[in-house]
Amino acid sequence: MRMYVSTRGDGKELTAARAIIKGLADDKGLFVPKAIPSLKDIDLSFEGLADLPYNEVAKKTIGAFFDDFTEDEISYCVDNAYTPEKFSKSEIVPVVNLSERSSKTADDAKMRSENNPDSAIKSAYFLELYHGRTSAFKDMALSILPYLLTTSVKKEGEESKICILTATSGDTGKAALAGFSDVPGTEIIVFYPDGGVSEVQRAQMITQEGANTHVFAIKGNFDDAQTGVKKIFNDEKFADTLADKGVKLSSANSINIGRLIPQVAYYVYGYGRLIKQGAIKAGDAINVVVPTGNFGNILAAYYAHLMGIPVNKFICASNKNKVLTDFINTGVYDARRDFYLTNSPSMDILISSNLERLLYHLACDEIASDVHANEKNDARNAAGDEIKELMSELDNQKHYEVSDAIKNGLKKFYGGFATVEETNDTIGRVYEDCKYLVDTHTAVAYKVYENYLAETGDHTPTLIASTASPFKFAKSVAESIGIKGCVDDFEFVRELSKNTGVEIPTGLCDLDKKEVRHRDVIEIGDMEGAVLGSL
């Protein structure tokens, strides 16, 4: 059975079900699998992968990591998560290459790309992850997490009510609220930065229905919200108070392994789609580009690679809050910098929680590379001590520098960033060339990929994680393609659809007309009180 351990090396081993329930390890570390399953373990060949529908890929991938779940339990979770009622595309995750679009404009773009060796149009394939109920990639994991969690609770005989506690930079909050709304035996509490999300994202959260849903704006940024949530998780006295009420905390953030692993499936599936479309042959390497601030989405791609998906380069795209870009390029993580509010708010982050998992894997692999199997536990403990020290430096000094061994492992990654002006220009160019709308985060990814191509000339077929519907950031997208003068984001949503012919996602229609159900704005220091008040 595949067991899970803490990145900070406390030595405890948990089943997947128990790790999903706990969310965070006792020593404040994050749970990681002791060993990554391989595609060979589940008899999944590249040729076979090309013909599998999304649900079957998800069952095989998630089941390989969570092998304490029965085959029927995994099927129940997957088949209830990825349904036509929850996803507007039958494929679940379409893969789109702009040079193959049928319009004359796209044909012209293809011709320009063939005449321009640095053009990204031909080699870029957009992995559209935003066709779920809340129009963001978070739906891919948060549609299944409630089923994984409730199944885990049943398996483990847990009788406490589970309180899902989550910080969001915009998309996680709504996706978690939608996933857990009125799920028996749960409460969900979401904190978001006041003024730090788009108007559409805010409206999605504050209008959320469900007797068990609770939403609070905090006077601070996302890092403040995330730090506050972690503080609550790590407060043993507060945990005792909740236990007296028959409540146990868990998380819907990507610090929860049950949230992270389902994301691995769409990279495995995306590789199969590239084979199916003739972009690559079975066994060929690809590149992956991910716009990310919290690192979980690109870590999922890294896990897919460890399973056996051939990846040449992981391209980590940041906005002006480019702490990850600087880290990948120098090995120094330094959060002592100005924080910027940008038009890609889901990446307005300076503390990247999931990076801790990558550091653990890189440290553990390097330490364990020359030891025998019976010495690997000692190697893991040594890696855990190293990560614990780095995270202590981050907590206390807001910076750290990793070892040469970890720096060597980071060579698999490329870090780049795009400014707001570059983001808007990219949205406009992609639409002008191909009549294809991308949101602000996907535009950051595409611009960074263009920069990577210019620097390296590497035209390896590349999956770009397209993480949100353009309608979630309608003002920036609309203005970037020449639509001006709307009074608010909601009018921009309607005008964007009217001018482009692209249908507004069902979940974003008439948000400004829905009843506001959550109005509280609180100080950071009042977060514990908000939790108790909600319960």
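Only a predicted model underlies this, so the values are computations on that prediction, with no experimental measurement involved.

Peer 1: Would you take a moment to explain the environment of Asp 395 for this structure?
Peer 2: Relative to the helices and strands, Asp 395 is located in helix α16 (residues 376-397). When the C-alpha atoms of Asp 395 and Thr 227 are compared, they prove to be 9.8 Å apart, with 168 residues separating the residues in sequence.

Peer 1: What is the right way to look at the nonpolar core in this model?
Peer 2: Side chains of nonpolar character tend, in soluble globular proteins, to be buried together. Counting residues in hydrophobic clusters, the biggest one holds 118 residues, and the most contacted among them are Tyr 54, Phe 66, Tyr 82, Tyr 267, Leu 359 and Tyr 400. Per-element accounting of this core gives the leading share, 12 residues, to helix α12 (residues 257-276). Not counting the four nearest positions on each side in its chain, Tyr 400 is found in contact with Phe 327, Gly 331, Val 332, Tyr 333, Leu 355, Leu 359, Leu 390, Met 391, Glu 393 and Leu 394. In this structure, Tyr 436, Tyr 446, Phe 471 and Leu 496 belong to the second largest nonpolar core, which totals 44 residues.

Peer 1: Help me understand the sheet that holds strand β4 (residues 124-128), please; the structure alone is not making it clear to me.
Peer 2: With mixed pairing, the 6 strands of this open sheet are ordered in space as β3-β4-β14-β9-β10-β13. What marks the edges here is a single partner per strand, and that holds for β3 (95-97) and β13 (413-417). For this sheet, the mean inter-axis angle between neighbouring strands, taken without regard to orientation, is 25 degrees.

Peer 1: Just checking my understanding: could you explain helix α13 (residues 296-307) for this structure?
Peer 2: Helical geometry: 3.6 residues make up each α-helical turn, so side chains three or four residues apart lie on a common side. In this model, α13 (12 residues) spans 16 Å end to end at C-alpha, consistent with the 16 Å of a helix rising 1.5 Å per residue. In terms of burial, α13 is a largely internal element, 10 of the 12 residues being buried. Every buried residue of α13 is accounted for by Gly 296, Asn 297, Ile 298, Leu 299, Ala 300, Ala 301, Tyr 302, Tyr 303, Ala 304 and Met 307. Positive phi shows up at Gly 308, right after α13, with a value of about 135 degrees.

Peer 1: Would you explain the packing of helix α11 (residues 236-244) against helix α22 (residues 527-534) in this entry?
Peer 2: To characterise two packed helices, one gives the angle between the axes of the helices and the distance between these axes. Here α11 crosses α22 at 10 degrees, and the two axes come no closer than 12 Å. In this view, α11 runs roughly parallel relative to α22, as classed from their interaxial angle. Judged by residue contacts, Phe 238, Thr 241 and Leu 242 of α11 engage Glu 528, Val 531 and Leu 532 from α22. Across the contact of α11 with α22, the residue classes break down as 4 nonpolar, 1 polar and 1 charged.

Peer 1: Can you walk me through the side chain of Lys 174 in this structure?
Peer 2: Tracing the sequence through the fold places Lys 174 in helix α8 (residues 171-180). Buried and unpaired, Lys 174 has Glu 209 as its nearest opposite-charge partner, separated by 8.6 Å. Once residues lying within four places of it in the same chain are set aside, the contact partners of Lys 174 are Thr 134, Gln 204, Met 205 and Gln 208.

What counts, and at which threshold
- Residues numbered from 1 in each chain as written.
- Predicted model: local features only at pLDDT ≥ 70, side-chain atom pairs only at ≥ 80, totals over all residues.
- Heavy atoms only, no water.
- Helix = DSSP H or I, 4+ residues; strand = E, 2+ residues; numbered from the N terminus.
- Core = buried A, V, L, I, M, F, W, Y, C linked by side-chain atoms within 4.5 Å.
- Buried < 20%, exposed > 50% of the residue type's maximum accessible area, 1.4 Å probe, protein only.
- Contact = heavy atoms within 4.5 Å.
- Pairing = 2+ DSSP bridges.
- Axes fitted to C-alpha atoms, helices over the stretch in contact; angles between N-to-C directions.
- Expected span 1.5 Å × (residues − 1).
- Parallel < 35°, antiparallel > 145°, perpendicular 65-115°, else oblique.
- Nonpolar A, V, L, I, M, F, W, Y, C, P; charged D, E, K, R; others polar.
- Lys, Arg positive; Asp, Glu negative; His and termini not counted.
- Salt bridge = Lys/Arg side-chain N within 4 Å of Asp/Glu carboxyl O.

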